[in-house]
Amino acid sequence: MAAAEPDTDQLSSPGSEFLNFSAKDTASRWLAAADLQQEVYRHLAAYVPRILCLGPSSSGGSSREGQREEQREEQREELAYQLLLLAPLEWLLLREEPAAGLAQLQENNRPSPLCGHVFKVGEPTYSCRECAADPTCVLCMQCFLGSVHKEHRYRMTTSGGGGFCDCGDAEAWKRGPYCQKHTPTDRHTEEDPVAQLPADMVARGYSIFSIILKYAVDLLTCDQEEQLPAGLEPPERGDTYYCMLFNDEVHTYEQVIYTLQKAVNCSQKEAVSFATMVDRDGRKSVRYGDFQFCDQAKSVIVRNTSRQSKPLRVQVMHSSVVAHQCFALKALSWMGQIIQYSDGLRRILCQVGLQNGPEGENSSLVDRLMLNDSKMWKGARNIYHQLLMNSLLMDLKYKKIFAIQFAKNYRRLQTDFMEDDHERVVSVTSLSVQLFTVPTMARMLMVEQNLMTTIIRTFVDHLRHRDLQGRFQFDRYTAQQAFKFGRVQSLIGDLKYVLITRPSEWTNQLRLKFLEGLDAFLDLLKCMQGMDPVVRQVGQHIEMEPEWEAAFTLQMKLTHIISMIQEWCSTDEHVLIDAYRKCLSALSQCHCGLPDGEQPISLSLAGHTVDTFRYQVSQDKVSIHLPVCRLLAGLHVLLSRTELSSRVPEQLPLGELSPPLLIELPLRCLVLCAQVHAGMWRRNGFSLINQIYYYHNVKCRVEMFDKDIIMLQAGASMMDPNHFLMIVLSRFELFNIFNSADVRKRYREANKDVVQQNNTLIEEMLHLIIMVVGERYVAGVGQVEPFDEVRREIIHQLSIRPMAHSELVKALPENGNKETGLEGVIDIVASFKKPGVTGRGLYELRPEWNKNFNLYFHHYSRADQSKAEEAQRKLRRQKGEDTALPPPLPPPLCPLFGSLVNLLQCDVLLSVEGAVLQWAVESSGGGWTESMLQRVLHLVAMSLLEEQQQLENNRDDDVTFNYTYKITREAPSPSGSVLALLETLQKAPQLEVHKDMITWIIKMVANIKTMREQTASTSTVSVCPGHGAEETVRDRDKAERKRKAEMARLRREKIMAQMSEMQKHFINENKELFQQSLEELEASTSAAAETSATGLGPTCVTQVCVGPRRVGRAEHRQLVTCILCQEEQEVRGHSRAMVLAAFVQRSTVLSKNRRHIVPDPERQEPLFMHPDLSLGIHTASCGHIMHAICWQRYFEAVQLKEQRRQQRLRGHTSYDVENGEFLCPLCECLSNTVIPLLPHSPDHRCTHSLSLPVSVNHPTLEAWLNTTNQQIATLHSAHRKQSDGTAEEAEPAGEAEPAAPEGFRVDFTPQSPFSSSIREMITTFSVSTYKVGLKLNPNEQDPRVPVLSWSTCAYTIQSIERLLMEEEKPLFGSLPCRQDDCLSSLTRFSSACWTVAPLKTVHTHFIRLFTALFPDSQVENTPCILDTDMFHLLVYSVLSYSSVQSLDQSGCSVVDSAHLHLLHLVTVAHLVQILLTSTTEEVCMDQDSEGSEEEILTCQLYNTLRKHLGSVLPQVSSGWQLWRCVKAGILPFLRATALFFHYLNSTAPPADLLVAGPGHWEALCSFLSLPSNLLQVHQNQHTLLEPLIYRWCCHPGVRQTLQGGGVIVRFPRESNRLIELPEDYSVLINQASSFTCPRSGGDKSRAPTLCLVCGSMLCSQSYCCQTEVEGEDVGACTAHTFTCGAGVGLFLRVRESQVLFVAGKTKGSFYPPPYLDDYGETDQGLKRGNPLHLCQERYRKIERLWRQHGIAEVIGHAQEANQTLVAIDWQHL
Ligand SMILES: [Zn+2]
Ligand SMILES: [Zn+2]
Ligand SMILES: [Zn+2]
Ligand SMILES: [Zn+2]
Ligand SMILES: [Zn+2]
Ligand SMILES: [Zn+2]
Ligand SMILES: [Zn+2]
């Protein structure tokens, strides 16, 4: 290997020379020198290569020692750099100790009020929607909180990095530009900040900044790999090189990693680290050594990556060059820091940077940096951009100069950027947002640098794909072109910045430049006009879907620009008129060639004739892209809004217009839509469907569909309405159908498809006429304000159904400021309904707005329309109104559009209306539809409304509109006038739906007649239709409505009868099912029923659940039904096993010690649970019961299915079959085992117990202890004998056989009370708990198996006790029946599980457990009392005792007594435990003069403990305090114990514990057969217990723990909660933005994720933080769940505002976050940016899920519901 061994002695250690170095002296020497630059360069040339970039440290990377060495190396380098390079510069500048000098500078500084805080990635930014000049004006969190805007409507987003806070910039804010901190004070002056600095410092500043900045620029912009600028050559030049790898956006991470492993022979880990660095910094040296060594690596890399694409960029660079570049970057950062101290120095740096060099134009240092931007690597760019932001952009004067330079070089910078493959954020072009969004600056650049034109021309230049006519053509463009096209779009963004604020004042210069820009823009639009034309495909389907997205992307991006240009025009009449002219001439250029060649055709209908083109949409080329027409339409509307249009319309430039030409192209486009709708373009594929979709879509329609309608309106208002309609008919290719009866007849008889097509076309055409006449909610068309337009949109959205805020926002077009105007309107038209714990808030239309509903609202899709129609009809029926949906009153038209109304009464339309009505009357065959009729009725109604309005507003003789006259007039057709036709139709039975509408029309005609007559005779005020109608009309109406109501009633009754018939049938068919569900209902209430039954019994018998006095439940046959075979069976010990689907999981929900490290499972000793409950096993069940055999068959089937599935396709299911998981066959609840159902425990008591006195039956504690000790001794010796293997031989001589108690037979083998199938299921469940609890492979022989079964019983009871406590529910009777069933079967199971384990094993367990209570020096490893959870101890010893007792053949069982004694012993132990850990020092203020008995006894016990342990326990004087402590501490234990014995002994609970509320102490104690003064338990057996207590205290562990040597758990253990979350979501975002990845030194984490259980922030979904867990690489979240949540985790993904649930390695799901905006909606993905606030109820709901151990279940259900969730690699999050 040719690696050069770096000469460490010489290079890396700061030698003696370094130590003697004095920065101060050096600085003085420099100052004295004649040529400062030369001196500084000499210094840098000597030191830089010796300090920086010395190659990798000798010991190599991966080992821990190596890493530490590397760190030390870095520290040394940093120190040397500070001392030898920076310090002299600082001395030179400040002439004093740098720290002091900088402080001085800062003190004297008068900072500008600009905040300028530069945003980190992910940091929250705020924009005020009321005051910001545009959406790019943002505040940092600090400033926002101190500003007036926090009370306004604001938007919150997370920064993508870069950009800075605009606080203090008066131009950015309409109001409140300063926060509290940045409000200018008297200290701010307009004075030049440089003047505030001492003159000598100014001079030094100039020279230092010029030298260093020039140095940095020289080094960063030179592309030399070998040579350094003059004066910097190193004194000695070694053969040391770097192989430098550069970033590109072409190669993937994986490619780079793979290549590096090959090329430089490094480990996968190192390669990952290299790749990460390259991606982050833009370059990274991957090899260090002599030239040949590096060059070799280079060629391997190049060779390996050049196959498919251009190779990775690699350079072999001399180490001194790299060192100097490294220092150049550090120097830039240094200057950036220095100028923060002084605005004066900042300005000096700005001057230095912008001063032109000797080469003149574009030679300033900043220019050189800018122009070389695309050549630099990412890290360098970031640093100098940062410097630009800190300097030039913070100084308003130089910002302007910089902006000019930027604008001058704009074209070149953009071109460089196009060639560069880096993202835009690291390109200098991204600074445009900082410059162009300042309105005065933008204006200045527009006027002086012609910026608008420059941007547009640059844009056009870069779009090179054109067709022969010069139009854009994007078909078949390559990926490379697509990429460039993507880049080019950023130019549109710049244009948007420039145009975003309309000028309030125009200068002639501005007019000139704007119009010049408009020319350029029109050139652009001309290239778009007619692009992507389509031709109808007939016969064959198109072969390839044509490209359409690029053109639409362009249109979409330009939408806002087009709107903005119109807004600009609207502010100045001259500009508007000029713009109109320009646009018109552009359009005529586009139109030339349109009417060419062919002869026009002549059309005549209803006595009118018109000439038009010979053109058919269905045969010729047609394009959707008509931006020039549409811009003209927009400008036309603006003209109409000006005063000019009403004052001097002749001055409008309308003369050159040819209306038929204007409407031609938009009309073609609309006809295309109609034909697509009619199915005529099916063979043109999806691309056309998509285009039509976007044409109407809210993102495009403002500058597409809407403008086309306006253009038709403009054209129609300038034409003879008959001509207009004839052209429309002809373009729809329907002219002949209306013109000639023969043609129509032929059509009707044609094939069905053609008939249907024509029907749809007629419908679409009628709809178009409705829109052209009726759509007046555009200011300028109708006399409305923009406000009315938004309001109308909302009314129509809400007419479909109530909607959430975000849905409404999505349905409205956004303007360039991302505003829709929704907020200003919504509260007027809608009422808000708050959401519950799920769902979202909804807006509902206020009823008074229903009258504004227009069925033919132009933005409805067909689906919307039918939904809205249905909803509106329903509403009217509910209110008992008729169901006619007449058009609402339209607003009046503007003068320019005034003649539009004549369309309604023109002859051609009347003839069309007459024709449709005629067909309806004839109603034969297919050539007619109800939709057609409905549209005609709508048109008729519109005409009548128009006439009525005119009559109301004018004198009769002024009213030119006379529709009623025309429709009553006799027509040539045989069936008479339109009115006559309508009257005929009213009686037609098949048109029931439209009857109300026809009635409405006829009534209206009558009204208008009355009005005319009245005005003619008396000229009184008019009357509206409802009131003016004659009495008879009203009566007829009433009768009609009544008849209808009656009919409706009959119909309903009939339907009801049908339904009940069906139901009966259904029940008969599904009898079993119904019965079963009834039974389930009964079962679920059974617990409550039973308890109330016992409550009725003799009240003197208090309920006791444990001990000889316990009251058992009456024998109760338990009948259950298998959900699989529906067979019913009784639960009995000897019958077939029945099982309950169950899910066993590890749990840390109750953990008091999350740092607990789980020991190696092989050596884990689960017999004693530590009171920190750090890891438990939880069992849950959905409560569904199956035969064991049915379940086994089901599970086998699931396994088989899974095997087959895996063979077919790879992937996961929501459950892991290999791990025994399955879904409950009934409810699909995730399960992984089954619990066997066992009968009620047999009564242990002797049958004759009642006849014997209690004393005989119930041995005293002492007697029982003696017996038990004897039994234990007997067992001991028996075990010993067995293990000695000498059991058969005679007794050993030395040891006396302990006397076995009477009837105790060691060799007895008790008979199992269970059938083999039940025994098998007991084993199954035991092994499951073992497998899950210890994460081991199943092993029935392991002695720990029964322990884990007991453990899950105890833990599950404990966790449910906590839940009930937290939710303040009563201890009994409030559990849902699935949990009740689960606990009951779980407890019974655990009491029986010993029967399948070897007796010896269980005996050994009991002996060890017993020793914990009754310490025996012979038994080792007994834990100390502080390390034992007493409830677990109690449960285990009670359950294991049965095995000992089973050997007792004395015939008189003492099991119950034993339970009671065990309970007493454990209770005392727990009391001692609580007292030992109670810390009651805090308050001693109370009266302990006369304590109660409890208090005295507590004090006594405490003092006993103090006697044993001395000063380890603090002195406590207050018995009251202690007793209170004890009482609170022991309560959870007592409650859990009560639950346990309740389920174990099937005792009914006492009535007091069935209700919620505090103070059940007495009831609880008596239920447990304990005195309510618990201390009496101790007191009564004082002599017996005293030595025990002594022995407990003497365990060395006690003293050790109390002195701080272990985890002290205090009682009561507080229930764990999820972490507190801040009310305001942005606080979290802020927190996350300062979070850095813990692995990659200070890097920002991309997906910061918060653990809701412990509050840790994690770097999720990222390579850097992957760790290996159980042999697999997993992401930070998954890894964290293994330490924090035993495999289950709840997280909040902060950037996404999304809750993440993870379980195990493969399962996860997302869950709605507990944060809502003011509209009651979550914002998953943080896309909308409304302020989010914590919703406590929702958070509590998530918390409850967690506490109930329901996370895994939720994930299971989510994955079942949504299969795509299954495919996500959750373990990588
Ligand atoms: Zn700020
Ligand atoms: Zn501020
Ligand atoms: Zn504001
Ligand atoms: Zn069954
Ligand atoms: Zn189930
Ligand atoms: Zn955690
Ligand atoms: Zn990380």
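Okay, so let's go over this structure. (Residues numbered from 1 in each chain as written. Chains lettered and ligands numbered in written order. Predicted model: local features only at pLDDT ≥ 70, side-chain atom pairs only at ≥ 80, totals over all residues. Heavy atoms only, no water.)

### Remarks on the environment of Arg1617
Then comes step 1: As for its placement among the helices and strands, Arg1617 is situated in the loop between α60 (1596-1605) and α61 (1625-1633).
Then comes step 2: Among the residues examined, Arg1617 registers a relative accessible area of 44% and is labelled partly exposed.
Then comes step 3: When the C-alpha atoms of Arg1617 and Arg1747 are compared, they prove to be 8.3 Å apart, with 130 residues separating the residues in sequence.
Then comes step 4: Setting aside anything within four residues of it in sequence, one finds Arg1617 in contact with Val1653, Arg1740, Glu1743, Trp1746 and Arg1747. (Helix = DSSP H or I, 4+ residues; strand = E, 2+ residues; numbered from the N terminus. Buried < 20%, exposed > 50% of the residue type's maximum accessible area, 1.4 Å probe, protein only. Contact = heavy atoms within 4.5 Å.)

### Examining the state of the cysteines
Then comes step 1: Enumeration over the complete set of coordinates arrives at zero disulfides.
Then comes step 2: Cysteine Cys669 remains unbridged, with the sulfur of Cys673 as its closest cysteine sulfur at 5.1 Å.
Then comes step 3: Judged by its relative accessible area of 0%, Cys669 is buried.
Then comes step 4: Cys1677 takes part in no disulfide bond, and the closest cysteine sulfur, belonging to Cys1651, lies 8.4 Å away.
Then comes step 5: The exposure class assigned to Cys1677 is buried, which follows from its relative accessible area of 0%. (Disulfide = S-S within 2.5 Å.)

### With respect to the packing of aromatic side chains
Then comes step 1: Scanning the model with the defined rule gives 43 aromatic pairs in all.
Then comes step 2: Between Tyr410 and Phe436, the ring centres sit 6.0 Å apart and the planes meet at 45°, which makes this aromatic pair tilted. You can see Tyr410 sitting in helix α17 (residues 410-419) and its partner Phe436 sitting in helix α18 (residues 432-436), a full 26 residues away along the chain. Exposure class is identical for Tyr410 and Phe436. Each is buried.
Then comes step 3: Their ring planes at 75° and their centres at 5.5 Å tell us that Trp506 and Phe514 sit as a pair that is edge-to-face.
Then comes step 4: On the accessibility criterion, Trp506 (12% relative accessible area) is buried.
Then comes step 5: For Phe514, a relative accessible area of 0% puts it in the buried group.
Then comes step 6: Pairwise contacts between aromatic rings join Trp1264, Phe1406, Phe1410, Phe1414 and Tyr1441 into one cluster. (Phe/Tyr/Trp six-rings, centres within 6.5 Å; stacked < 30°, edge-to-face > 60°.)

### Some thoughts on the sheet that holds strand β23 (residues 1707-1711)
Sheet strands associate in pairs through backbone hydrogen bonding, adopting either a parallel or an antiparallel arrangement.
Then comes step 1: Strand order in the open sheet made by the five strands is β18-β17-β21-β22-β23, with antiparallel pairing throughout. The sheet terminates laterally at β18 (1657-1659) and β23, the two strands that pair on one side only. The sheet shows a mean angle of 30° between the axes of neighbouring strands, direction not considered.
Then comes step 2: Sheet analysis places strand β21 (residues 1688-1693) next to strand β22 (residues 1698-1703), joined by six bridges and oriented antiparallel. (Pairing = 2+ DSSP bridges. Axes fitted to C-alpha atoms, helices over the stretch in contact; angles between N-to-C directions.)

### Brief notes about the coordination of the zinc ion (ligand 6)
Then comes step 1: Within the first shell, the zinc ion (ligand 6) binds the protein through Cys1651 (SG), Cys1654 (SG), His1680 (NE2) and Cys1684 (SG), at distances of 2.0 to 2.3 Å.
Then comes step 2: The sequence motif formed by the donor residues of the zinc ion (ligand 6) is C-x2-C-x25-H-x3-C. Within this pair, whereas Cys1654 is found in the loop between β17 (1648-1651) and β18, its partner His1680 is found in helix α62 (residues 1676-1684), the two being separated by 26 residues in sequence.
Then comes step 3: For Cys1654, a relative accessible area of 33% puts it in the partly exposed group. (Donors = N, O, S within 2.8 Å, 3.2 Å for Na, K, Ca; no water.)

### Concerning the side chain of Gln555
Then comes step 1: Looking at the element boundaries, Gln555 is found in helix α23 (residues 549-570).
Then comes step 2: Setting aside anything within four residues of it in sequence, one finds Gln555 in contact with Met528, Ile562, His625, Glu703 and Met704.

Spatial relationships are all this shows, so hold off on functional conclusions.
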